[in-house]
Amino acid sequence: MKIAFYDTKPYDKIWFKPLAKEHNFDITFFETKLSRDTAILATGNDAVCIFVNDEADKEILDILHEVGVKTILLRCAGYDNVDLKAAEGRFDVMRVPSYSPAAVAEFALTLLLAVNRNVHRAYQRTRDFNFSINGLMGMTLKGKTIGIVGTGKIGQAMIDVLQGFGMKILAYDPYPVEGLKAEYVTKEELFKRSDIVSFHCPLTDETRHIVNADTIKMMKQGSIIVNTSRGAIVDTTALVEALKAGKFAGVALDVYEEEDEYFFEDRSNEIISDDELSRLLTFPNVLITSHQAFFTTEAMRAIAETTLNNFEASLKNEPDPKNTLTKRER
Ligand code: NAD
């Protein structure tokens, strides 16, 4: 059985190639992303395998359906890039809901520690033999309050790794879980009381621009934002204005609203036309990474295993409900 694999990077092949062989699947790796122009490349394949910045809107799904694709394999947890309404009944759309929550949580913590203590700037300075520590002062985290927005798998893993820091942990989630090692509060209270806010919710209509001019006003002067969720939960225009006004001690972003043009690619030889991304990168207290929170050996292996098991299950018409977003009518 054949899979058209979009947006391939060299590291995708490390696990997908040998595991596909074990399953007897034939994968064609395309470097291009899935789009209106490239959907046709899937002709003759039973499935497409896509990642966070591949588009699967109605028009693209129509093309995939026409060329005979039956299964859409998301090699990620988030699925905001797929029009599920348009997919229902026509495709098995399957994802990897959990591959390594710890990997993402550990990276969110890495970002927090780095941006708070200006490790990104210290690294640049010492490489230039500048051993001054002026401007690199951070805050001691012990005794501070951190707010966790979204207490699913990654939010809970984040709360676990925070346990040793001696911080007060607040949480907001419309679907609270029992026994959480944090205090649930309203969204407004979380924004008002937290010295740090870390986002672990999915991108939905409710969370789109959850960080906006109004909620930024609620946040503490000198607070820190960490976003490893999805870029569009932050209104970038409002964030840039707040940064210019000196609102935040630090902002660490692993995701960005308009990341699909840039993230995962080497654009170092090009003129950057995105003024907001360029502006964000000028602030000394902003640390941007290129959607790499998931990127560990363990997570990459788990993603490949689950994705190919999902295809196997789709072929047998036994899709695991946990991993299945829509089903194809047989
Ligand atoms: P999950 O489904 O286990 O948890 C998401 C939680 O968010 C749930 O508890 C849900 O109730 C909550 N939620 C829903 N709407 C909310 C709202 N309006 N406000 C607050 N909370 C809300 O998902 P997860 O595995 O923990 O992943 C969370 C998100 O992290 C994913 O949706 C994805 O966007 C992002 N992610 C990023 C990376 C990365 O590499 N940066 C990797 C994996 C996942």
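Thresholds, definitions, all that
- Residues numbered from 1 in each chain as written.
- Predicted model: local features only at pLDDT ≥ 70, side-chain atom pairs only at ≥ 80, totals over all residues.
- Heavy atoms only, no water.
- Helix = DSSP H or I, 4+ residues; strand = E, 2+ residues; numbered from the N terminus.
- Rg over C-alpha atoms; globule rule 2.2 N^0.38 Å.
- Buried < 20%, exposed > 50% of the residue type's maximum accessible area, 1.4 Å probe, protein only.
- Contact = heavy atoms within 4.5 Å.
- Areas by Shrake-Rupley, 256 points an atom, 1.4 Å probe, with all protein chains shown as cover.
- 1 Å grid on protein atoms, 1.4 Å probe; cavity = no way out; pocket = protein on both sides within 12 Å on 5 of 7 lines; lining within 4 Å.
- Points joined across faces, edges and corners; volume = space filled by probe spheres on them.
- Nonpolar A, V, L, I, M, F, W, Y, C, P; charged D, E, K, R; others polar.
- Near = heavy atom within 4 Å.
- Polar contact = N/O pair within 3.5 Å; in protein donor to acceptor, adjacent residues only side chain to side chain.
- Sits in = over half its atoms within 2 Å of the grid points.
- Salt bridge = Lys/Arg side-chain N within 4 Å of Asp/Glu carboxyl O.

1. A few points about the overall build of the protein chain
Across its full length, the protein chain holds eleven helices and 13 strands. What you see for the protein chain is a C-alpha radius of gyration of 21 Å, in line with the 20 Å of a compact globule of 330 residues. In terms of overall dimensions, the protein chain has a C-alpha envelope of 60 × 50 × 35 Å along the principal axes. Looking at the protein chain as a whole, 52% of its 330 residues are labelled buried. Residue pairs at least 24 apart in sequence account for 67% of intrachain contacts in the protein chain once pairs closer than 6 positions are excluded. In the form shown here, the protein chain has an accessible surface area of approximately 16000 Å², with 51% of it arising from carbon and sulfur atoms.

2. Some words on helix α6 (residues 153–162)
When we look at burial in α6, the residues that qualify are G155, A157, M158, I159 and L162. The secondary structure elements touched by the buried residues of α6 are α4 (101–117), β6 (145–149), β7 (168–172) and β9 (196–199).

3. A look at empty space enclosed by the protein
A full pass over the atoms with the stated rule returns two cavities of 30 Å³ or more. Lining the largest cavity are D7, K9, Y11, D12, F16, F51, R75, F264, F294, M300 and I303. Its boundaries defined by the atoms lining it, the second largest cavity holds a volume of some 40 Å³. Lining the second largest cavity are N227, G231, V234, T236, L239, L253, V255, Y256, E257 and L280. Class assignment for the residues of the lining of the second largest cavity results in six nonpolar, three polar and one charged.

4. Thoughts on the site of the ligand
For the ligand, the set of nearby residues contains 25 residues, the closest of which are Y99, K153, I154, D173 and T228. Between an oxygen atom of the ligand and a side-chain N or O atom of D173, the distance comes to 2.6 Å. For the ligand, a nitrogen atom lies 3.0 Å from a polar atom in the backbone of T228. Summarising the interface, the protein chains cover 87% of the accessible area of the ligand, which totals 870 Å² for the free molecule. One can see that the ligand is located within the largest pocket. A per-class count over the shell around the ligand returns twelve nonpolar, eight polar and five charged.

5. Some points on the environment of V52
Of note, V52 is situated in the loop between β3 (47–50) and α2 (58–66). For V52, a relative accessible area of 10% translates into the label buried. Aside from chain neighbours lying at most four places away, what touches V52 is C76, N81, R230, E259, F264 and H291.

6. So, the pattern of salt bridges
All chains considered together, the criterion is met by 20 salt bridges. The partner of R75 in a salt bridge is D12, and the shortest N-O contact between them spans 3.8 Å. On the criterion of sequence distance, the pair formed by R75 in the loop between β4 (71–74) and α3 (84–87) and D12 in the loop between β1 (2–5) and α1 (13–23) is long-range, its members being 63 residues apart. The shortest N-O distance in the salt bridge between K220 and D195 comes to 2.9 Å. Residue K220 is located in the loop between α8 (213–218) and β10 (223–227), and its partner D195 is located in the loop between α7 (187–193) and β9; the two are separated by 25 residues in the primary sequence. Among the residues examined, K220 registers a relative accessible area of 31% and is labelled partly exposed. Given a relative accessible area of 13%, D195 falls into the buried group. A single network of salt bridges, built from pairs that share partners, joins D7, K9, K33 and E265.

Honestly, it's all geometry; don't read function into it.
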